[in-house]
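Structural characterization, general
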Amino acid sequence: MKKILCIISLSCAMLSASAQEALSLDSCRALAIAHNKELLIHQEKINAAHYQHKAAYTNFLPKISAAGGYMRTSRELSLLSDAQKGAISGLGTSLGTPLQEAAQAIAQVFPQLGGSLSALGESLTGALNNAGTAVVDALRTDTRNMYAGALTLTQPLYMGGKIRAYNKITKYAEELARQQHNTGMQEIILSTDQAYWQVVSLANKKKLAEGYLELLQKLESDVDKMIAEGVATKADGLSVKVKVNEAEMTLTKVDDGLSLSRMLLCQLCGLDLTTPITLQDETEDDLQPSAVPTRSIDLEAVYASRPEIRSLELATDIYKQKVNIARADYLPSVALIGGYMATNPSVFNSFEKKFKGMWNVGVTVSLPIWHWGEGIYKVKAAKSEARIAQYQLQDAREKIELQVNQSAFKVNEAAKKLIMAEKNLEKADENLRYATLSFEEGVIPASNVLEAHTAWLSAQSEKIDAQIDVKLTEIYLKKAMGQLTINQ
């Protein structure tokens, strides 16, 4: 919703700027926020912290991974030695010799059986040799080309609180990034307001300088006429001319300062430096400051509103969780594991050139036993960092309390100065009126009129400064109270 409002405000401001209409303070703030690169960087940091928090949460969930591989070897694994292969392959030959001897002995006794027994022995020898060779071939592993694959599931059961602590840290980090964005936005608003009221101040001083120059030029014309009539001296005329030149120089300086101030405001708003912008408050003859309550300030509400305090509170929480992480490294960790593994060649039905595998489920436990006190030292170091963050938070609270009180005092002081400046202006107006009438009547010299003009100019300038000072002190108080937003 805030982004939508910002875009709408930006669009309205751009349209008004293109039409050379007067820009309001809110429009300038919206333009500055939309074009500031630091705020864009802070927004990306918020996005990064958000995704880191999401990534941290996934550590609670089971993880599934797959792995596979292939390996080619120059030699295969063998279950039999060369001697065993030779013995099994020549099993028929080894047994054939005794059979042949037995057949010969029988043939001597029974000559008619000799041929049959000899043929039978040869047949048995061949059959046994073939059977031995088949056994040797069946026991070949053929592992020169090996394939393996595994699918593993891991579910953490207890990691010493590390996962929970890391999840909280990323959550705090995301909120910390938001608070830093808010801090940067308030700084941009403050800089924009300062530039805005600087332009308004110089614009009013330019009108004042132009009015003062017109008064002096009228006075110069009157003195010239009086010199011509012999009522005034040339010295009076020269004095007035010097004041006119000084007024022209003052107007030139104010005009240059106003141009530079407009350029600064354009740069903050992301506009071209030569954009002819006009501000709404430039046309106001009298700047009426809004009332800002400076009494009964609730410091707890201020602390809750200040993004710096919230940032330090989050930093303190982060360091506390870092203590838990340091402690978790030296606590037991338990995880449930399960998976499926397959190989080729497989060994579940002798050696087969097929992919076959098996399921497995188990629990792993890791328990550090002795590390020479490393864990204790790390935990103590983390606790020291947490205490540092706590001290920084306390110090920031004290400084903010002082800052709020100082800002409230300056608001009251600025209001009093404005009242005094208005009274001085009334006296200066009355003094200038009497001096002008007296000079026209020839009662006082031109020098007294010039003094009255100078006093009137000083009073007008002080009133403008007092009005702008009231505006700025109001802004500083809102900034100190954490209430400086785009729609204020």
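In what follows, the accompanying structure is described. (Residues numbered from 1 in each chain as written. Predicted model: local features only at pLDDT ≥ 70, side-chain atom pairs only at ≥ 80, totals over all residues. Heavy atoms only, no water.)

Time to look at a positive patch on the surface. Together, Arg327, Lys380, Lys383 and Arg387 make up a positively charged patch on the protein surface. In terms of residues, the positive patch owes the most to one element, helix 11 (residues 374-440), which gives three residues. You can see Lys383 is positioned in helix 11. (Patch = residues over 30% accessible without salt bridge, like charges linked within 9 Å, V, L, I, M, F, W, Y side chains within 5 Å. Areas by Shrake-Rupley, 256 points an atom, 1.4 Å probe, with all protein chains shown as cover. Salt bridge = Lys/Arg side-chain N within 4 Å of Asp/Glu carboxyl O. Lys, Arg positive; Asp, Glu negative; His and termini not counted. Charge placed at Lys NZ, Arg CZ, Asp CG, Glu CD. Helix = DSSP H or I, 4+ residues; strand = E, 2+ residues; numbered from the N terminus.)

The subject of this paragraph is the packing of aromatic side chains. A full pass over the atoms with the stated rule returns six aromatic pairs. On the basis of an interplanar angle of 70° and a centroid distance of 5.5 Å, the ring pair of Trp370 and Trp372 is categorised as edge-to-face. Accessibility classification places Trp370 together with Trp372 in one group, the exposed group. Through pairs of rings, three or more aromatic residues link up here, namely Tyr70, Tyr147 and Phe355. (Phe/Tyr/Trp six-rings, centres within 6.5 Å; stacked < 30°, edge-to-face > 60°. Buried < 20%, exposed > 50% of the residue type's maximum accessible area, 1.4 Å probe, protein only.)

Before going further, it helps to spend a moment on the side chain of Ser24. With respect to the helices, strands and loops of the structure, Ser24 is situated in the loop between strand 1 (22-23) and helix 2 (25-35). Setting aside residues no more than four positions away along its own chain, Ser24 makes contact with Tyr196 and Gln280. (Contact = heavy atoms within 4.5 Å.)

Before going further, it helps to spend a moment on the packing of helix 7 (residues 162-229) against helix 10 (residues 307-328). Packed helices, taken two at a time, are described by the angle their axes make and the gap between the axes. Where helix 7 meets helix 10, the axes come as close as 9 Å, and the angle between the chain directions of the two elements is 160°. Taken together, helix 7 and helix 10 sit at an angle that is classed as roughly antiparallel. When you trace helix 7 past helix 10, the crossing you get is left-handed. Its residues assigned to classes, the contact of helix 7 with helix 10 comprises eleven nonpolar, eight polar and seven charged. (Axes fitted to C-alpha atoms, helices over the stretch in contact; angles between N-to-C directions. Parallel < 35°, antiparallel > 145°, perpendicular 65-115°, else oblique. Left-handed = near helix turned anticlockwise from the far one by under 90°. Nonpolar A, V, L, I, M, F, W, Y, C, P; charged D, E, K, R; others polar.)

The next subject is the pattern of salt bridges. For the coordinates displayed, the defined rule picks out 19 salt bridges. In this structure, Lys206 and Asp255 form a salt bridge, with 3.2 Å as the shortest nitrogen-oxygen distance. With Lys206 in helix 7 and Asp255 in helix 8 (residues 234-269), this pair connects stretches of sequence that are 49 residues apart. The partner of Glu413 in a salt bridge is Lys417, with the nearest N and O atoms 3.7 Å apart. Here Glu413 and its partner Lys417 are both found in helix 11, four residues apart, which amounts to about one turn of the helix. Three or more residues are tied together by salt bridges with common partners; here these are Glu187, Arg306, Glu308 and Lys479.

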